[in-house]
Amino acid sequence: MVLIPGLCKGLSPNCHLAWPAKACQNSAMTSEASTFRFHHPSRLRRSVLTVPAINDRALDKVAGLDCDAVIFDLEDSVAEDRKVDARHKLLEFLQNADLGHRECIIRINASDTPHFREDMRLVLQCLPDAVLLPKVEEPVTVQDVADLIGEQDAAEGLRIWAMIETPRGVLNAAAIASSGRTSDSRLDAFVVGLNDLRKATGIPAAPGRTYLVPYLMQVVLAARAYGLDVIDSVSNDFRDMEAFSDECAQGRAMGFDGKMLIHPAQIEPANRLFGPSDAAIAEARLLAAAFSDPAHAGLNVINIDGRMIERLHAEEAARLLAKVALISARKDKP
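Residues numbered from 1 in each chain as written. Predicted model: local features only at pLDDT ≥ 70, side-chain atom pairs only at ≥ 80, totals over all residues. Heavy atoms only, no water.

(A) Quick peek at the overall build of the protein chain. Each helix and strand in the protein chain was counted, giving 13 helices and 12 strands. Each of the 334 residues in the protein chain was classed as buried or not, and the buried ones make up 48%. For the protein chain, the proportion of contacts with a sequence separation of at least 24, taken over those separated by at least 6, is 71%. Summed over all atoms, the accessible surface of the protein chain reaches about 15,700 Å², with 54% contributed by carbon and sulfur. (Helix = DSSP H or I, 4+ residues; strand = E, 2+ residues; numbered from the N terminus. Buried < 20%, exposed > 50% of the residue type's maximum accessible area, 1.4 Å probe, protein only. Contact = heavy atoms within 4.5 Å. Areas by Shrake-Rupley, 256 points an atom, 1.4 Å probe, with all protein chains shown as cover.)

Set out below in C-alpha cells:
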C-alpha cells in the first residue's frame, strides 16, 4: 500500500489516505521511453488533443489517432455531478489502453476544489506522463504538487504541466516558469487557456487574436527563458478549418511548440503546421553537414553561400533533425 498525506485544503497534516500502488501504467512510461522523453532535447508536442474523461466514445478512439499527446480531462469538460464517474471511467480505460507514442496527461481539478484529492489519487495510481494543473497563478501551486508527488516516491517520469489562463497567471508566468529550475519541481510545459483569459479580460474572440498576442508572447517568453515547452490554446470552432490553420500558423510564428486540440479533425493540420517544413529540413541538413566538416572543426562561425552562420544555428538544426527522425520513425511503424 501507498500512504498519501492529506492532499487538499481542509485535511489535517496528519491525515493519510491509502490505496493500492500503481494499479495501471501507460506503456509509454517504460524506463527506456521515460529516459528518452525527458532527457532527449526534442519532443513532439505538435498536436495535444484534449478528451473528456467522461466520454466513452472519445476514449475508445484515442488509440487510433495520430496526435502527439492526449490530455484526459477531469476538469472543465466534466460536470460537477459526474466527477466520480469520470475518474472511474479513466482508471478503467488506462488500465487497458496502449497509447503507443502518445504522451498521456491527466488534467485535474484545482487544489481548492473538493475533487483535487481524488484526482491526485488517480494520477498516482496511473502514473501518466504528466499531470496538468488548471489556472496556475503562483509558483507555490506547482511546487506543492511536486512536493506531494515526491513524497510518494513517484517515478521521475511523472511531470507537471501548468495551465496559464488567468490575468495573474500571465503576469506571474516568469515566476511560475522559474520554479522549474529546482531539481524537484518536475515542471515541463505551459498550456495557454484563452477561454478563461478572454472572460477575465473582456477581450472578444476575434479572428487574429490581435489584442491577445501580447499576453501569448509573454507566456512564450517565460517558458523559453526557463526551458519549458509551451502549447497554444484551443480553437473553439472545429468546423472552421481555415481559421484553425491560421491560428496554427500564427502560433508557430510566435514560438509555440504545438496546439491544444478539441477535435480529431484538427490533428493533421496541427501536425503539419507545427512540424518542420521541407525548406527548414533542407536548411537544417545543410547546416549540420557544414559544421560536421572537419575543415570547420573548432569554428563557431562559418561562411555558407555568403551567410555567416553561428554554431548555435547548427545546434538548432540538430534539434530540428531529431524531431524529423521521431516523425519518420512513427511513419515507419505498422
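(B) Structural context of the packing of helix α10 (residues 241-254) against helix α11 (residues 267-274). Between α10 and α11, the least distance of the axes is 9 Å, while the angle of their chain directions is 30°. If you check the angle between α10 and α11, you find them roughly parallel. By crossing handedness, the relation of α10 to α11 is classed as right-handed. Residues Met241, Phe244, Ser245, Cys248, Gly251 and Arg252 of α10 form the contact with α11, whose participating residues are Pro269, Ala270, Leu273 and Phe274. (Axes fitted to C-alpha atoms, helices over the stretch in contact; angles between N-to-C directions. Parallel < 35°, antiparallel > 145°, perpendicular 65-115°, else oblique. Left-handed = near helix turned anticlockwise from the far one by under 90°.)

(C) Inspection of the confidence of the model for the protein chain at higher detail. Residue-level pLDDT values for the protein chain average 86, and 86% of them are 70 or greater. Taken as a whole, residues 1-41 scores under 50 in pLDDT and shows 94 contacts with residues more than four places along the chain or in a different chain. (pLDDT = per-residue confidence, 0-100.)

(D) Structural detail: the packing of aromatic side chains. Scanning the model with the defined rule gives 1 aromatic pair in all. Here the aromatic rings of Phe72 and Phe93 are separated by 5.6 Å at their centres, their planes lie at 55°, and the arrangement is tilted. Linking Phe72 in strand β4 (residues 69-73) with Phe93 in helix α3 (residues 83-96), this pair joins segments that are 21 residues apart in sequence. Side by side, Phe72 and Phe93 carry an identical accessibility label, which is buried. (Phe/Tyr/Trp six-rings, centres within 6.5 Å; stacked < 30°, edge-to-face > 60°.)

(E) Layout of the side chain of Asp257. Looking at the element boundaries, Asp257 is found in the loop between α10 and β10 (258-261). Of note is the side chain of Asp257, whose polar atom sits 3.0 Å from the side chain of Arg224. In terms of polar contacts, Asp257 uses its side chain to reach the backbone amide nitrogen of Val230, at 2.9 Å. When near neighbours in sequence (up to four residues on either side) are disregarded, Asp257 contacts Arg45, Arg46, Arg224, Asp229, Val230, Ile231, Phe274 and Lys323. (Polar contact = N/O pair within 3.5 Å; in protein donor to acceptor, adjacent residues only side chain to side chain.)

(F) The arrangement of the side chain of Asn109 in detail. Note that Asn109 resides in the loop between β5 (103-107) and α4 (116-126). Polar contacts involving the side chain of Asn109 include one to the side chain of Lys83, which spans 2.9 Å. Contact partners of Asn109, with chain neighbours within four places excluded, come to Leu74, Glu75, Lys83, His115, Phe116, Asp119 and Pro134.

(G) Examining the sheet that holds strand β7 (residues 159-164) more closely. In space, the 8 strands of this closed barrel follow the order β3-β4-β5-β6-β7-β8-β9-β10, with parallel pairing throughout. Strand-to-strand, the axes of this sheet are offset by a mean angle of 25°, without reference to chain direction. Of the pairings in the sheet, the one linking strand β9 (residues 229-232) to β10 comprises 2 bridges and is parallel in character. The residue of β10 that forms the bridge with Ile231 is Gly258. (Pairing = 2+ DSSP bridges.)

(H) How the structure looks around the pattern of salt bridges. Under the counting rule described, the total for this entry stands at 28 salt bridges. As a salt-bridge pair, Asp68 and Arg46 come within 2.8 Å of each other at their nearest N and O atoms. With a gap of 22 residues between them, Asp68 in the loop between α2 (56-61) and β4 and Arg46 in the loop between α1 (31-39) and β3 (47-52) connect regions that are remote in the sequence. Note that Arg224 and Asp257 form a salt bridge whose closest N and O atoms lie 3.0 Å from each other. Taken as a pair, Arg224 in helix α9 (residues 213-225) and Asp257 in the loop between α10 and β10 lie far apart in primary sequence, 33 residues in all. The exposure class of Arg224 is partly exposed, given its relative accessible area of 37%. Among the charged side chains, a network of salt bridges with common partners joins Arg43, Arg45, Glu103, Glu156, Arg159, Asp188 and Asp229. (Salt bridge = Lys/Arg side-chain N within 4 Å of Asp/Glu carboxyl O.)

(I) Focus on the nonpolar core. Counting residues in each nonpolar core, the largest one holds 67 residues, and the members touching the most others are Phe72, Leu90, Leu94, Met120, Val131, Ile160 and Phe190. Ranked by residues supplied to this core, first place goes to α4 with 6 residues. Non-local contacts of Phe72, meaning those with residues more than four positions away in its chain, are made with Val51, Leu59, Val62, Leu90, Phe93, Leu94, Leu99, Cys104, Ile105, Ile106 and Arg107. Core analysis: the next-biggest nonpolar cluster, separate from the first, contains 13 residues, Val48, Trp161, Ala189 and Val234 among them. (Core = buried A, V, L, I, M, F, W, Y, C linked by side-chain atoms within 4.5 Å.)

(J) Structural view of the environment of Gly180. Inspection of the secondary structure puts Gly180 in the loop between α7 (173-178) and β8 (187-192). Overall, Gly180 belongs to the partly exposed group, its relative accessible area being 24%. Not counting the four nearest positions on each side in its chain, Gly180 is found in contact with Ser185 and Leu187.

(K) A look at a negative patch on the surface. The grouping of Asp144, Asp147, Glu151 and Asp184 at the surface amounts to a negative patch. Turning to its location among the elements, Asp184 is positioned in the loop between α7 and β8. (Patch = residues over 30% accessible without salt bridge, like charges linked within 9 Å, V, L, I, M, F, W, Y side chains within 5 Å. Lys, Arg positive; Asp, Glu negative; His and termini not counted. Charge placed at Lys NZ, Arg CZ, Asp CG, Glu CD.)

(L) Geometry of the pairing of β7. With 6 of its 6 residues buried, β7 lies for the most part within the structure. Side-chain alternation along β7 places Arg159, Trp161 and Met163 on one buried face and Ile160, Ala162 and Ile164 on a second face that is also buried. Sheet topology places strand β6 (residues 130-133) next to β7; 4 bridges connect them, and they run parallel. In the strand pairing of β7, Leu133 is matched with Ala162.

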